[in-house]
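Below, each chain spelled out in residue letters.
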Amino acid sequence: MSFNTSSRQLPDTDETPDEARPQETRTPDAPAEPTPPESAAPATPAGTDAPAGSEAPAGSPTPTESADRSGAPGSPERAKAAATADSPGPAAPTDSPDLAAPLVPTDSTESAAPLVPTDSTESAKADTDTVADASEPASSPEATEAAGPSADAGSPRPAEPAAPAEAAEPGAPAGPEASGGPGVSVDPGGSGGDGSPGVAPVEGRWRRWRAKHPAAARVLTWTTTVLAAALVLFALLMPNSSAGFRPGEFVRIPVEAVFGAAVLIVLPRRPRLVVAALGGLVLGVLTVLNLLDIGFTEYLGRGFNLVLDWSLFSDAYSYLQDTMGKQATLGIAVALVVLVVVLLAVMALAVVRLADLMSRHTATATRSTLVAGTVWIACSALGVQFTGVPVASASTAKSVEDRTKRVQATLRDEAAFAKFAKKDAFANTPPDQLLTDLRGKDMMITFIESYGRSAIEDPVMAPGVDATLTAENQKLVKAGFAAKSGWLTSATYGGSSWLGHSTFLSGLWISNQQRYRTVTAGDHLTLTKAFKKSGGWDTVGVMPGVQKAWPESKFYGLDKVYDSHKLQYKGPKFSWSTMPDQYALTAFERLVHGKKHDKPLMSEIILTSSHQPWAPIPKLVPQDQVGDGSIYDSIEKAGKRPADIITDSTKSKQEYGKSIQYSVSSLINYLVKYGNKDTVLIFLGDHQPIARVSGNHASRDVPVSIVAKDPKVLDRIADWGWTDGLQPEHNAPVWKMSSFRDRFMTAYGSTPAP
């Protein structure tokens, strides 16, 4: 029996076919080639030791091996050899038949791999013939006679003469390399070099499973490859907005895939693996950024800013803690981190797998890449579209370019805004020339969380909110108050309320966290600080949403701040909101407004009951029952849970509308009960609610109203064109929120002095 071998050695990878792998088998040592008499080593008589310092050359048989190979007629060894002449035998005794490796190759395809690595086809063939001859049982009379006595007696056979190492056939490996090279185990059973049992490597177990179940292995291999290709294509074609997920988006040809395939095909193995792994990591990072874009667009109406938005994760974590509890929030955070790590790893492995596939089928991969590139160029030149989407895609490259431009623009904006913020039309106005027409008035500047245009105009929310505004305006009229309302375009959307507050009060467009840090670190004149600077008002802040140190109070010019701890609330939280608006206003009256003052008050109040997720929502209670807030325990328990509405857009809209009604009613009830002829109320929304409630294409407009008993107050803004009452008309004037400060200060007697 003989088989062909090849001197070309295939890399030992998971993708190398079984028939092309070197078989890790232990074969009987073949007798050495005949050597000239003058170079042959003398035989050692039986029972004597070899001379000191001498060793049997590699491949020389031991007495036991010689006896096993010859086998006396009728002996167990002889019978075993006859029974297994046509099949491979075990290399070594083993407890598990699964770990047994074939002793010699057979005529089957699986045994066609070379037994040992060689440098030439001739040497491999010589070794093969030697092994084949050694595996055949001795059938000649001479062989029987020679083997019989020793086998019958059971005594060891004297060692046969062996040629010295230098007499071996040229090209035959010696030493460790004869067993496959250093570090390569030839014991498929996993035993150590001393014959002790060891643990089979995972790779070996996978090969044995694949050999036993070839059909299942092929299905698994193809399935894994298809999934890897689908994952890579999804990452390359994935849009960065929820509205972009259309079937046509995923039947395009990404130019990045064509270019990447061309690069991977021509690279050598090691650089190819490195480039493929790095490319997969980059794709994973881009996928994570696209998911962040989708989330930020859903909640904040804009994409994720690589430079500025990392700090918002801590705010999001705090929001989830307040809404869902600490344990649930921790679980979500851990799950998200694990998901990101797994995504990056799987994406890298997917690209590596595809790169290996292309390297094994270079010709096919090259032709496919050329065809795909040609089709992409043709579709791009002709403007071919499918379901209105261009077939030739370069979305990933454009996304990277867009992100790079946004990072550059953000860095440039930081420096430019710092210079712009130093300019102030009223920076040098003398105190006695600030807000002269409001002297003696009790000022209330109140922000209602997430109070946006959608609350007044959306068909789901508008009926309830509009009815509330109409009813509350009638209360004001009966109490002698009047109001005018208009629209302001907020600098933020869906969240980051502090950006809306600072934009309104500073007169600067503060649309990101970097601008906020820049302006609050300076001494720019805010509207609240102008009241303080004039010397005519005491300034106070009522901030139920502030739960930790708030150094920005100095920037806003507030003499004292009543945060969530100082308002002495003993009732339950309502999701994120620390206390109901009715209680916050009642505490303001008890702790601040109801006390005697040497000067009028200028109060900045932030109401939070309309903060998402809008479940549960407080209810109005009789004013004399508010107390320390304990009355709200039963109301909170009877309310809806965030999980009841958070995934349903319609329910979220309905509950959002109810929260706005509650906040507006709480504020107007307070004003009617505790306001007087000197009270002036300015209230507005800080931003629109999230896109799931306001809509994907909603504006950033929020309503703003000024309410007073003194008709002279509203006469000062008669030329603004605002609508009478609490509900601005659809076509009422719309200003940027940053323009309000200067218009207001000018209308009420402030003299500009840059």
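Residues numbered from 1 in each chain as written. Predicted model: local features only at pLDDT ≥ 70, side-chain atom pairs only at ≥ 80, totals over all residues. Heavy atoms only, no water.

This part covers the overall build of the protein chain. Scanning the protein chain from terminus to terminus reveals 25 helices and 13 strands. The buried share of the protein chain, taken over its 754 residues, is 42%. Put simply, 77% of the contacts in the protein chain that link residues at least 6 apart link residues at least 24 apart. Accessible surface, the protein chain: about 37,700 Å² in total, of which carbon and sulfur atoms supply 60%. (Helix = DSSP H or I, 4+ residues; strand = E, 2+ residues; numbered from the N terminus. Buried < 20%, exposed > 50% of the residue type's maximum accessible area, 1.4 Å probe, protein only. Contact = heavy atoms within 4.5 Å. Areas by Shrake-Rupley, 256 points an atom, 1.4 Å probe, with all protein chains shown as cover.)

In terms of burial, strand 11 (residues 701–708) is largely enclosed, as 8 of its 8 residues are buried. Burial along strand 11 is two-sided: Asp 701, Pro 703, Ser 705 and Val 707 and Val 702, Val 704, Ile 706 and Ala 708, pointing in opposite directions, are all buried. The pairing of strand 10 (residues 679–685) with strand 11 spans 5 bridges and is antiparallel. Residue pairing across strands places Leu 681 opposite Val 707, the latter belonging to strand 11. (Pairing = 2+ DSSP bridges.)

Our focus in this paragraph is the side chain of Ser 666. Structurally, Ser 666 is set in helix 22 (residues 649–674). For Ser 666, the side chain forms a polar contact with the main-chain oxygen of Tyr 662, separated by 2.8 Å. (Polar contact = N/O pair within 3.5 Å; in protein donor to acceptor, adjacent residues only side chain to side chain.)

Looking at where Ser 380 falls in the secondary structure, it is placed in helix 11 (residues 362–382). Its relative accessible area of 40% is what places Ser 380 among the partly exposed residues. In this structure, the C-alpha to C-alpha distance between Ser 380 and Ser 393, residues 13 residues apart in sequence, is 8.2 Å.

Here we take up the packing of helix 8 (residues 269–300) against helix 10 (residues 326–360). One can describe the packing of helix 8 onto helix 10 by two numbers: an axis separation of 7 Å at closest approach and a directional angle of 140°. Taken together, the axes of helix 8 and helix 10 are oblique relative to one another. Regarding helix 8 and helix 10, the two cross each other, and that crossing is right-handed. Packed against helix 8, whose contacting residues are Arg 272, Leu 273, Ala 276, Ala 277, Gly 280, Leu 281, Leu 283, Gly 284, Val 285, Thr 287 and Val 288, the element helix 10 presents Val 340, Leu 343, Leu 344, Met 347, Ala 348, Val 351, Val 352, Ala 355, Asp 356 and Ser 359 at the interface. Taken together, the residues that form the contact of helix 8 with helix 10 break down as 15 nonpolar, 4 polar and 2 charged. (Axes fitted to C-alpha atoms, helices over the stretch in contact; angles between N-to-C directions. Parallel < 35°, antiparallel > 145°, perpendicular 65-115°, else oblique. Left-handed = near helix turned anticlockwise from the far one by under 90°. Nonpolar A, V, L, I, M, F, W, Y, C, P; charged D, E, K, R; others polar.)

What follows is about the pattern of salt bridges. For the structure shown, the criterion picks out 22 salt bridges. The partner of Glu 249 in a salt bridge is Arg 252, with the nearest N and O atoms 2.9 Å apart. By relative accessible area, which is 10% here, Glu 249 ends up buried. Salt bridges here are not isolated pairs; linked through shared partners, they connect Lys 441, Lys 677, Asp 678 and Asp 710. (Salt bridge = Lys/Arg side-chain N within 4 Å of Asp/Glu carboxyl O.)

So, on to the environment of Leu 339. Secondary-structure assignment places Leu 339 in helix 10. Along the sequence, Leu 339 and Val 288 sit 51 residues apart, while their C-alpha atoms lie 9.9 Å from each other.

With omega at 15°, the peptide bond leading from Gln 612 into Pro 613 counts as cis. Tracing the sequence through the fold places Pro 613 in the loop between strand 9 (601–607) and helix 20 (632–638). Cis geometry is adopted by the peptide bond preceding Pro 616, which originates at Ala 615 and carries an omega value of -5°. Positionally, Pro 616 belongs in the loop between strand 9 and helix 20.

Under the 1.5 Å per step criterion, the end-to-end length of helix 11 is 30 Å for 21 residues, consistent within 8% with the ideal 30 Å. For helix 11, the complete set of buried residues consists of Ala 365, Thr 369, Gly 373, Trp 376 and Cys 379. The buried residues of helix 11 all sit within an arc of 135° when viewed along its axis, so they share a single face. Across helix 11 from its buried face, at more than 90 degrees, point the exposed residues Arg 367, Leu 370, Val 371, Thr 374, Ala 381 and Leu 382. Backbone geometry just downstream of helix 11 places Gly 383 in the positive-phi region, at approximately 70°. (Expected span 1.5 Å × (residues − 1). Arc of directions from axis to C-beta.)

A few words on the side chain of Thr 503. Note that Thr 503 resides in helix 15 (residues 497–506). Reaching out from Thr 503, the side chain makes a polar contact with the backbone nitrogen of Ile 510 at a distance of 3.1 Å. Each residue touching Thr 503, except ones within four places of it in the same chain, is listed here: Ala 491, Leu 508, Trp 509, Ile 510, Met 737 and Ser 738.

What follows concerns the confidence of the model for the protein chain. Per-chain confidence: the protein chain averages 76 in pLDDT, with 73% of residues scoring 70 or above. When the criterion is pLDDT under 50, residues 1–199 qualifies, and its contacts beyond four places in sequence or with other chains add up to 186 contacts. (pLDDT = per-residue confidence, 0-100.)

Glancing now at the packing of aromatic side chains. Summed over the entire model, instances satisfying the criterion amount to 22 aromatic pairs. Taking 4.9 Å as the distance between ring centres and 85° as the angle between the ring planes, the aromatic pair formed by Phe 304 and Trp 310 counts as edge-to-face. Between Trp 722 and Trp 735 the ring centres are 5.6 Å apart and the planes differ by 45°, which places this aromatic pair in the tilted class. With a gap of 13 residues between them, Trp 722 in the loop between helix 24 (711–715) and strand 12 (723–724) and Trp 735 in strand 13 (residues 734–736) connect regions that are remote in the sequence. The class for Trp 722 is buried, based on a relative accessible area of 7%. Here Trp 735 falls in the buried class, since its relative accessible area comes to 10%. In this structure an aromatic cluster arises from ring pairing among Phe 447, Phe 504, Trp 720, Trp 722, Trp 735, Phe 740, Phe 744 and Tyr 748. Positioned over the ring face of Trp 487 is Arg 453, at 3.8 Å from the centre of the ring. (Phe/Tyr/Trp six-rings, centres within 6.5 Å; stacked < 30°, edge-to-face > 60°. Lys NZ or Arg CZ within 6 Å of the ring centre and 35° of its normal.)

A few words now on helix 19 (residues 581–593). A rise of 1.5 Å per residue sets the reference length of helix 19, with its 13 residues, at 18 Å; its end C-alpha atoms lie only 16 Å apart and thus fall more than 12% short of the reference. The element helix 19 is extensively covered by neighbouring structure, given that 12 of its 13 residues are classed as buried. All of the buried residues in helix 19 are Asp 581, Gln 582, Tyr 583, Ala 584, Leu 585, Thr 586, Ala 587, Phe 588, Glu 589, Leu 591, Val 592 and His 593. Lining the buried residues of helix 19 we find strand 5 (442–448), strand 7 (538–543), strand 8 (560–563), strand 9, helix 20 and helix 22.

What follows is about a nonpolar patch on the surface. Side chains of Tyr 317, Leu 330, Val 334, Val 338, Val 342 and Val 346 sit close together on the surface and give an oily, nonpolar patch of about 480 Å² of accessible area. Broken down by element, the nonpolar patch gets its largest block of residues, 5 residues, from helix 10. Looking at Val 338, the relative accessible area reads 47%, which means it is partly exposed. (Patch = residues over 30% accessible without salt bridge, like charges linked within 9 Å, V, L, I, M, F, W, Y side chains within 5 Å.)

All right, on to the packing of helix 19 against helix 22 then. Between helix 19 and helix 22, whose axes approach to 8 Å, the crossing angle comes to 30°. What the angle tells us is that helix 19 and helix 22 run roughly parallel. Classified by chirality, the crossing of helix 22 by helix 19 is right-handed. Contact residues: helix 19 offers Asp 581, Gln 582, Leu 585, Phe 588, Glu 589 and His 593, while helix 22 offers Tyr 662, Ser 663, Ser 666, Leu 667, Tyr 670 and Tyr 674.

Relative to the helices and strands, Leu 291 is located in helix 8. Overall, the relative accessible area of 48% leaves Leu 291 in the partly exposed class.

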